[in-house]
Amino acid sequence: FMKFMHQVGEGEVTIESGQVIYNKENIEEDNVEINKIDPTEEANNWASEFEAISKDELLITKTEEAKIWATDFESGPSEEVLKTDESTLWTKEFEKSTSASSNKQDEENSINNDFWSKLQDEWQKLAKDDGAAHSWLTEFSDYSDPFKEYSFETDNPMRDNQNALEEGKQKLEAGDLPSAVLCFEAACQQEPDNSEAWQLLGTTQAENEQIRDYTILTFFSFCLELEPSNLTALMALAVSYTNESYQNQACHALMEWLHQNPKYSDLVSKTDELASSKIGNVSSLLMSDIHEKVKNMYIEAARRNPSDKIDSDVQCGLGVLFNLSNEYDKAVDCFKAALQDSSEDFRMWNRLGATLANGSRSEEAVDAYHNALQLSPGFIRARYNLGITCVNLAAYKEAAEHLLTALNQQAAGRGIQGQKSWSAMSNSIWSTLRLVMSLLDRHDLYDALDNRDLKKLNDEFGIE
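None of the values given here were measured: they were computed from a predicted structure.

### So, the overall build of the protein chain
Here comes step 1: Tallying secondary structure elements over the protein chain gives 23 helices and four strands in all.
Here comes step 2: Burial analysis of the protein chain (464 residues in total) assigns 54% to the buried set.
Here comes step 3: Accessible surface, the protein chain as shown: approximately 21,200 Å² in total, 46% of it carbon and sulfur.

### Notes on helix α7 (residues 164-173)
Here comes step 1: Burial in α7 covers these residues: Ala164, Leu165, Gly168 and Lys171. Along the axis of α7, the buried positions cluster into a sector of 120°, meaning they face one direction only. The exposed residues of α7 that point more than 90 degrees off its buried face are Gln170 and Glu173.
Here comes step 2: Check the buried side of α7 and you find it contacts α8 (177-190) and α9 (195-208).
Here comes step 3: Directly after α7, the chain includes Gly175, whose backbone phi takes a positive value near 85°.

### Thoughts on the UniProt feature "repeat: TPR" (unreviewed entry) in the protein chain
Here comes step 1: Look at the UniProt record and you will see "repeat: TPR" (unreviewed entry) annotated at residues 312-345 and 346-379.
Here comes step 2: Between the C-alpha atoms that bound residues 312-345 the distance is 10 Å, and the span itself is 79% helix and 0% strand.
Here comes step 3: Annotated as residues 346-379, this span is 79% helix and 0% strand, and its ends, taken at the C-alpha atoms, are 8 Å apart.

### Examining the nonpolar core
Here comes step 1: By size, the foremost hydrophobic cluster in this structure holds 111 residues, and its most contacted members are Leu201, Tyr298, Leu433, Met437 and Leu457.
Here comes step 2: The biggest single contributor to this core is α8, with nine residues.
Here comes step 3: When neighbours within four sequence positions are excluded, Tyr298 is seen to be in contact with Met235, Leu254, Trp257, Leu258, Val314, Gly317, Leu318 and Leu321.

### Here's the deal with unusual backbone geometry
Here comes step 1: In this structure, Asn326 takes a positive phi of about 60° despite not being glycine.
Here comes step 2: Along the chain, Asn326 falls in the loop between α15 (312-324) and α16 (328-341).
Here comes step 3: Judged by relative accessible area, which is 28%, Asn326 ranks as partly exposed.
Here comes step 4: A positive phi is found at Arg452, a non-glycine position, where the angle reads about 50°.
Here comes step 5: Among the residues examined, Arg452 registers a relative accessible area of 31% and is labelled partly exposed.

### Considerations on the environment of Glu401
Here comes step 1: Within the fold, Glu401 resides in helix α20 (residues 396-412).
Here comes step 2: Looking at Glu401, the relative accessible area reads 22%, which means it is partly exposed.
Here comes step 3: Apart from residues lying up to four places away in sequence, Glu401 is in contact with Phe461 and Ile463.

### Describing helix α17 (residues 346-358)
Here comes step 1: The terminal C-alpha atoms of α17, which comprises 13 residues, lie 18 Å apart, in line with the 18 Å expected from a rise of 1.5 Å per residue.
Here comes step 2: When you tally the buried positions in α17, you get 12 out of 13 residues, the bulk of the element.
Here comes step 3: Every buried residue belonging to α17 is among Phe346, Met348, Trp349, Asn350, Arg351, Leu352, Gly353, Ala354, Thr355, Leu356, Ala357 and Asn358, and all of these are buried.
Here comes step 4: On its buried face, α17 sits against α9, α11 (231-243), α15, α16, α18 (362-375) and α19 (380-392).
Here comes step 5: For α17, the N-terminal cap is Asp345; the gap from its side-chain oxygen to the backbone nitrogen of Arg347 is 3.0 Å.

### What about the state of the cysteines?
Here comes step 1: One pass over the structure, following the stated rule, counts zero disulfides.
Here comes step 2: The thiol sulfur of Cys223 is not disulfide-bonded, and the nearest other cysteine sulfur, from Cys188, lies at 9.4 Å.
Here comes step 3: A relative accessible area of 0% places Cys223 in the buried class.

### Overview of the packing of α9 against helix α10 (residues 213-226)
Here comes step 1: Interhelical geometry of α9 versus α10 gives an angle of 155° and a closest axis separation of 8 Å. Considering their axes alone, α9 and α10 lie roughly antiparallel with respect to each other. For the pair α9 and α10, the crossing hand works out as left-handed. On the side of α9, the interface is formed by Ser195, Trp198, Gln199, Leu201, Gly202, Thr203, Gln205 and Ala206, while α10 contributes Ile216, Phe219, Phe220, Phe222, Cys223 and Leu226.
Here comes step 2: Class assignment for the residues of the contact of α9 with α10 results in nine nonpolar, five polar and no charged.

### Here we look at the packing of aromatic side chains
In this description, an aromatic ring pair is defined by two values, namely the gap between the centres and the angle between the planes.
Here comes step 1: Here the structure, examined in full by the defined rule, presents six aromatic pairs.
Here comes step 2: Both rings, one in Trp198 and one in Phe219, keep their centres 6.3 Å apart while their planes meet at 20°; by these two values the pair is stacked. Separated by 21 residues along the polypeptide, Trp198 in helix α9 and Phe219 in helix α10 bring together distant segments of the chain.
Here comes step 3: Trp198 sits in the buried class, given a relative accessible area of 0%.
Here comes step 4: Judged by centre distance (6.1 Å) and plane angle (25°), the rings of Trp257 and Tyr298 are stacked. With Trp257 in helix α12 (residues 247-260) and Tyr298 in helix α14 (residues 288-303), this residue pair connects regions lying 41 residues apart in the sequence. Each member of the pair, Trp257 as well as Tyr298, carries the same accessibility label: buried.
Here comes step 5: Feature note: the residues Trp198, Phe219 and Phe222 constitute an aromatic cluster, connected by ring pairs.
Here comes step 6: The side chain of Arg434 reaches across the aromatic face of Tyr446, ending 4.4 Å from its centre.

The rules behind the values
- Residues numbered from 1 in each chain as written.
- Predicted model: local features only at pLDDT ≥ 70, side-chain atom pairs only at ≥ 80, totals over all residues.
- Heavy atoms only, no water.
- Helix = DSSP H or I, 4+ residues; strand = E, 2+ residues; numbered from the N terminus.
- Buried < 20%, exposed > 50% of the residue type's maximum accessible area, 1.4 Å probe, protein only.
- Areas by Shrake-Rupley, 256 points an atom, 1.4 Å probe, with all protein chains shown as cover.
- Arc of directions from axis to C-beta.
- Contact = heavy atoms within 4.5 Å.
- UniProt positions renumbered as here; feature names shortened; annotations may be inferred.
- Core = buried A, V, L, I, M, F, W, Y, C linked by side-chain atoms within 4.5 Å.
- Expected span 1.5 Å × (residues − 1).
- Polar contact = N/O pair within 3.5 Å; in protein donor to acceptor, adjacent residues only side chain to side chain.
- Disulfide = S-S within 2.5 Å.
- Axes fitted to C-alpha atoms, helices over the stretch in contact; angles between N-to-C directions.
- Parallel < 35°, antiparallel > 145°, perpendicular 65-115°, else oblique.
- Left-handed = near helix turned anticlockwise from the far one by under 90°.
- Nonpolar A, V, L, I, M, F, W, Y, C, P; charged D, E, K, R; others polar.
- Phe/Tyr/Trp six-rings, centres within 6.5 Å; stacked < 30°, edge-to-face > 60°.
- Lys NZ or Arg CZ within 6 Å of the ring centre and 35° of its normal.

Right, here's the structure in full:
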C-alpha cells in the first residue's frame, strides 16, 4: 500500500473509470518490480487499507498488516531523471538559487544534531552506569537510532517560552494539536529530563497524524527511561508498536504495563518480569507463546474487577491484544466495555472505530469516529481515519472534505499568533487526498495537489 500510495502521489498511477492506469513514462527506470507484476494484481495487493478499488466500493483487507493509521511518504528524484541534460541544467539552476537557504538549513540541522548528540551521550552514560535500570534505551536502539529520527521545528515560536509545558497543555485542552506539539517540543528541549513533556509530545504527535508512529516510539522511550512506571506512556507505546506492526514489542509493553501497575504486578512472575524488561525481538510476526501468555494475564486482570467497576485500561490492553491476532469482534467488545467506564475518552472511541473498520464494519466505524470528534473536534487522527472509512464506503466527496479539514487543522495553529505553516501538513493525508481526487475523476485538481494549494481545494469543496 505504501508503494502504491507513493506512485499515486508522484503521478505514476491514476484511476480512471474504476481502473488503475500506470503512466509508464513517469515510472522510475530502476523500479524493475513494476514490470514484473500485473498492474491489476498489484492494485489488488495493497497491504494496509484497501483490497480493491472501484467506483462502487473500496474494501478494507483483514490481513495482519491492515491498519487504519497511515504513514508519511517522502521521495526524491530518481538517478535516471537526474542524468538527463535538461534535468541537470535545472538542478544546477536550483542549486544556485537555493545555496543561501541550504546554508541556513545546514546550520539549523547542526543545532538539532548537537542537541540529540548531547542527549544521546548523557543517556548512554546512564545506560552504562546502570544497564538494568535503563534497558528501554538499549533495547530500543537495537533496531532504531531514535536520536536521528526526529527534527525539532527550527522556527518554533515557543522555543523561548519558559512556560512551554503549561502552555502546551492549554493548547491541547483547546484542541489545537499543532500548537501543542510546538509547546511540548520546546519543553523537551528546555528540560530533557522531564518525563511528562516527552509523554505529552508522543501522545499529541500521535493524535496530530503528522509523523509515523515509528518516530513517536522515540518519545515514549525517553519518557520511560526517566519514569518507568508511567502507565500512560506504556499503553501508548503498545498502541504505537501495534500500528507499526511490531507485534512482539507490543506484547512486551503490555506486560510491562501490568508489571508497573501495583494492582496487577503480581500477575507477572519473576521470569516474566525479566522478559518484560527487554522489548523482544523485532518482528512483524506474532509469537503465539508471548501473545497467549500476556492475553491470559489481562483476562485474569479483568476478572479481578466486578462488572460494575470495569478497568478501562485493562479492557484497552485486551482490545490491543485481540487486534494483534486479528480477532476484531472480540477487540470491539473490549473497547465497548472500556467505554462503559470512560465514555468521554475520545482516544478510546477512535480505537473502537479503527477496530470496526479493520473488521469490515465501516458503517459502525463512522459512528465511533463521529463520537471521537464530537468530544475532541481537533483530533486529526480520528478525522483522517474517518476520511479513509468514507473512501471504503465509496463516499468520496465526504472523504475529500474530511481530509481537507484535517489538513486545514494541521496548518492552522502555529504558535502565539496562530500563523499558518504549510510545511506542517502530513504527507500521508496529501497522498490519500490525491487518491480520492482520482476516484472522483477530478484530474483538473492535480496541479493544486502538486502545489499543495489548499486554498483552491478548499474553494472547490466549500471548506471555510
